[in-house]
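Structural characterization, general
What follows is the residue order along each chain.
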Amino acid sequence: MLHPDFAVPAGAVLLSVRHMFSFSVAHVYDAWLDPDLARQFLFATEKGEMVRADIDARVGGRFVMTDRRDGEDVEHIGHYLELGRPHRLVFTFSVPKYSTDSARVEITVAQTTQGTLLDLEQEVGAAWVEHKERISQGWQMILKNLDKVLAQNAS
């Protein structure tokens, strides 16, 4: 859930995505901040090649993930606003190639009786509201890929 002090800007909407993992809360959380693991799932595309995965995992630190798609580099950048290991991660996110807009993303990770539940919420600015479904599908793909990466690295 978004921090109570954070208000979604006028015209923006909030999208939510959930995924259940069979891995520990710590494993799920830590993967987001581990460059070797993150390069395998975070903003990676089937047709692209992740050529850069820089993560400065501290409040105020930044990340840069660069996916090369058809010979063209697409950077995904952000800054960490909150790191509450192993349950809470908050960061800004933008793709400068497509927009100067930046979104706020909040991730909470919790242990349930069924496994580890990850809830992701993103503020989608007014200019991107019509793309909300595609953005949601992108996050769902990322979470499914995270599941695969954790499974591959578990053995």
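Residues numbered from 1 in each chain as written. Predicted model: local features only at pLDDT ≥ 70, side-chain atom pairs only at ≥ 80, totals over all residues. Heavy atoms only, no water.

Things to note about the overall build of the protein
Looking only at helices and strands, the protein features three helices and seven strands. If you list the helices and strands of the protein from N to C, you get β-α-α-β-β-β-β-β-β-α. For a compact globule of 155 residues, the expected C-alpha radius of gyration is about 15 Å, and the protein comes in at 15 Å, within 12% of that figure. The dimensions of the protein, computed from C-alpha atoms along their principal axes, are 40 × 40 × 30 Å. For the protein, the residues scored as buried account for 43% of the 155 residues in total. A fraction of 48% describes how many contacts in the protein between residues 6 or more apart in sequence connect residues 24 or more apart. Roughly 8,300 Å² of accessible area belongs to the protein as shown, and the carbon and sulfur atoms make up 51% of that amount. (Helix = DSSP H or I, 4+ residues; strand = E, 2+ residues; numbered from the N terminus. Rg over C-alpha atoms; globule rule 2.2 N^0.38 Å. Buried < 20%, exposed > 50% of the residue type's maximum accessible area, 1.4 Å probe, protein only. Contact = heavy atoms within 4.5 Å. Areas by Shrake-Rupley, 256 points an atom, 1.4 Å probe, with all protein chains shown as cover.)

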